[in-house]
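Spelled out from the first residue to the last, the chains are:
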Amino acid sequence: MDLSKIKTLIDFVGQSDITELTVSEKDTTVRIFRTKTTGETAGPISAPAAAAGEACSTQVIAPIFGVLHAASAPGEKPFVAVGDIVEAGQTLFIIEAMKVFNSIAAPRTGRIVRLAGVDGAEIEAGDLLAEIA
């Protein structure tokens, strides 16, 4: 299976509601999966927090494994820093997987309150990369 076909499959999974895709061709099997990100918290919101008007934060989760890049090139300014206001769709990171560069975009508008990813580190699908409030 060639890299362009794998890139197409990764893009397809990233732009659809599919959370897992397995494709086999000849003696190669590719499995792509992602964790859906939502603006909801895992547990119930307590009454005092809701009364105070606190917004839920959204976690940005790595959809694939690979090498995390916080900037467009080595030595360049990172895409985002803690405290930055981001727009929905704005690039937050790039994940390099099998020489394919995948942009990770902000799922919503908000402020970056946490960056968990380390530039140049290997990450796994499902790892927390950032949190937007």
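Cut-offs used in this document
Throughout, a residue's number is its position along its own chain's written sequence, starting from 1. This being a predicted model, a pLDDT of at least 70 is required before a residue's local features are given, and a value of 80 or more before pairs of side-chain atoms are given or counted; all residues contribute to the totals for chains, interfaces and linings. Only hydrogens and water are set aside; all other atoms, that is, all heavy atoms of the structure, feed into the side-chain values. By definition, any uninterrupted DSSP run of H or I lasting at least four residues is a helix, any uninterrupted run of E lasting at least two residues is a strand, and each is numbered from the N terminus. In what follows, a contact means two residues having at least one pair of non-hydrogen atoms within 4.5 Å. Note on areas: these come from Shrake-Rupley sampling with a 1.4 Å probe, and a residue is covered only by the protein chains present in the view. Relative accessibility under 20% of the residue-type maximum defines a buried residue, over 50% an exposed one, and the middle range a partly exposed one, all with a 1.4 Å probe and only protein chains included. DSSP-based pairing: two strands are paired if at least 2 bridges between them are found. Nine residue types can take part in a nonpolar core, namely buried Ala, Val, Leu, Ile, Met, Phe, Trp, Tyr and Cys, and a core is a set of them joined through side-chain atoms within 4.5 Å. For a helix, the expected span equals 1.5 Å multiplied by the number of residues minus one. Note that the arc is computed from the directions linking the helix axis to the C-beta atoms.

Q: Whenever I open this one, the overall build of the chain confuses me. Can you help?
A: For the chain, the helix and strand inventory stands at two helices and ten strands. In the chain, 51% of the contacts between residues at least 6 apart in sequence involve partners at least 24 apart. Accessible area of the chain: about 8,100 Å², with a carbon and sulfur share of 53%.

Q: Would you explain the side chain of glutamate 131 in this entry?
A: Mapped onto the secondary structure, glutamate 131 falls in strand β10 (residues 128–132). Filtering out sequence-adjacent residues up to four positions away, glutamate 131 remains in contact with Ser57, Thr58, Gln59, Arg111, Ile112, Val113 and Arg114.

Q: Explain the pairing of strand β6 (residues 91–97) here, please?
A: Most of β6 sits inside the fold, with six of its seven residues counted as buried. Here strand β4 (residues 66–69) pairs with β6 via three bridges, running antiparallel. Looking at the pairing, histidine 69 lines up with isoleucine 94 of β6. Where β6 folds back onto strand β7 (residues 100–105) in an antiparallel hairpin, the turn is made up of two residues, including methionine 98, whose phi is positive at roughly 55°.

Q: Looking at this structure, how should I read the nonpolar core?
A: One broad rule of soluble globular proteins: the nonpolar side chains tend to lie buried together. In this structure, Val60, Val86, Leu92, Phe93, Ile95, Leu129 and Ile132 are the most contacted members of the largest nonpolar core, which totals 17 residues. For this core, the secondary structure elements donating two or more residues are β6 and β10. Here this core takes four residues from β6, the largest share from any one element. Among the nonpolar cores identified, the runner-up in size contains seven residues, and Ile6, Ile10, Leu21 and Val30 belong to it.

Q: So what exactly am I meant to see when it comes to helix α1 (residues 3–14) here?
A: The α-helix winds at 3.6 residues per turn, so residues separated by three or four positions along the chain end up facing the same way. A rise of 1.5 Å per residue sets the reference length of α1, with its twelve residues, at 16 Å; its end C-alpha atoms lie 16 Å apart and thus fit the reference within 8%. Along α1, the positions that sit buried rather than exposed are Ile6, Leu9, Ile10 and Val13. Each buried residue of α1 lies within a common arc of 100° when the element is viewed along its axis, so the set occupies one face. In this structure, the buried side of α1 is in contact with β1 (20–25), β2 (28–33) and β7.

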